[in-house]
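Next come the chains, spelled out residue by residue.
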Amino acid sequence: MSFLFGSRSSKTFKPKKNIPEGSHQYELLKHAEATLGSGNLRQAVMLPEGEDLNEWIAVNTVDFFNQINMLYGTITEFCTETSCSVMSAGPRYEYHWADGTNIKKPIKCSAPKYIDYLMTWVQDQLDDETLFPSKIGVPFPKNFMSVAKTILKRLFRVYAHIYHQHFDSVMQLQEEAHLNTSFKHFIFFVQEFTLIDRRELAPLQDLIEKLCTKDR
């Protein structure tokens, strides 16, 4: 949740996506923040009783976008065309960008370019009222879950890049506790609802096992 971050984090990579105050989704976000405050992340990600699964996933997806936005915003000066000429997560994993509409065939590009494409694409999905309805009573589309899964799968890649290529910078900035808490929350959430295929999580599998073992 965004309240985890200190003053450095007011620097975001893309504009923050706000959930309208007074809306049901805003109430859900407040509920999630209160539960997170208890420190039990496993409990914090569970679907609150009587709530709609799609809406819960929508609210949390927006929040993860905002968190990753802030985290990446703190290290953009270290993630450059020169330092990160490819979008990778360690030597074994490289990502090529395609969104299926503007760029149909995957292209190889630098990490800052890839993350810019990725965050702009996510923002466009979150701003689309037909995909992420913010008004009460407006139903979620049939393809909502598959869109949410694609968003979360792609957001994971930003965490993977930060951990593999920029963790030293994160430590210099003393942001590692924020990064670890945010990532742990993200992983517990996607595990709770089986939102990302295990193969996609491979670049950070060791870290995931460490985080999850601690919580058993």
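Residues numbered from 1 in each chain as written. Predicted model: local features only at pLDDT ≥ 70, side-chain atom pairs only at ≥ 80, totals over all residues. Heavy atoms only, no water.

Looking at the confidence of the model for the chain
- In this model, the chain carries a mean pLDDT of 87, and residues with pLDDT of at least 70 account for 84%.
- Taken element by element, the predicted model of the chain shows its lowest mean pLDDT in helix α1 (residues 24-37) (68) and its highest in strand β2 (residues 94-95) (97).
- Confidence drops under a pLDDT of 50 for residues 1-10, and excluding neighbours within four residues, the segment shows 29 contacts in the predicted structure. (pLDDT = per-residue confidence, 0-100. Helix = DSSP H or I, 4+ residues; strand = E, 2+ residues; numbered from the N terminus. Contact = heavy atoms within 4.5 Å.)

Quick word on the UniProt feature "binding site: Zn(2+)" (unreviewed entry) in the chain
- The feature "binding site: Zn(2+)" (unreviewed entry), as annotated in UniProt, sits at Cys 79, Cys 84, His 161 and His 166 in this numbering. In terms of the greatest pairwise C-alpha distance, the residues named above, spread along 88 residues, form a tight cluster of at most 9.9 Å across.
- Inspection of the secondary structure puts Cys 79 in the loop between α3 (53-75) and β1 (87-88).
- Of the residues examined, Cys 79 reaches a relative accessible area of 4% and is grouped as buried.
- With respect to the helices and strands, Cys 84 occurs in the loop between α3 and β1. (UniProt positions renumbered as here; feature names shortened; annotations may be inferred. Buried < 20%, exposed > 50% of the residue type's maximum accessible area, 1.4 Å probe, protein only.)

Focus: the packing of aromatic side chains
- Taken as a whole, this structure holds 14 aromatic pairs when the rule is applied.
- Within the aromatic cluster, the residues linked to one another by ring pairs are Phe 64, Phe 156, Tyr 159, Tyr 163, Phe 167, Phe 183, Phe 186, Phe 189 and Phe 193.
- Residue placement shows Arg 42 over the ring face of Phe 188; its charged tip is 3.7 Å from the ring centre.
- Just above the ring of Trp 121 sits the side chain of Arg 154; from NZ or CZ to the centre is 4.4 Å. (Phe/Tyr/Trp six-rings, centres within 6.5 Å; stacked < 30°, edge-to-face > 60°. Lys NZ or Arg CZ within 6 Å of the ring centre and 35° of its normal.)

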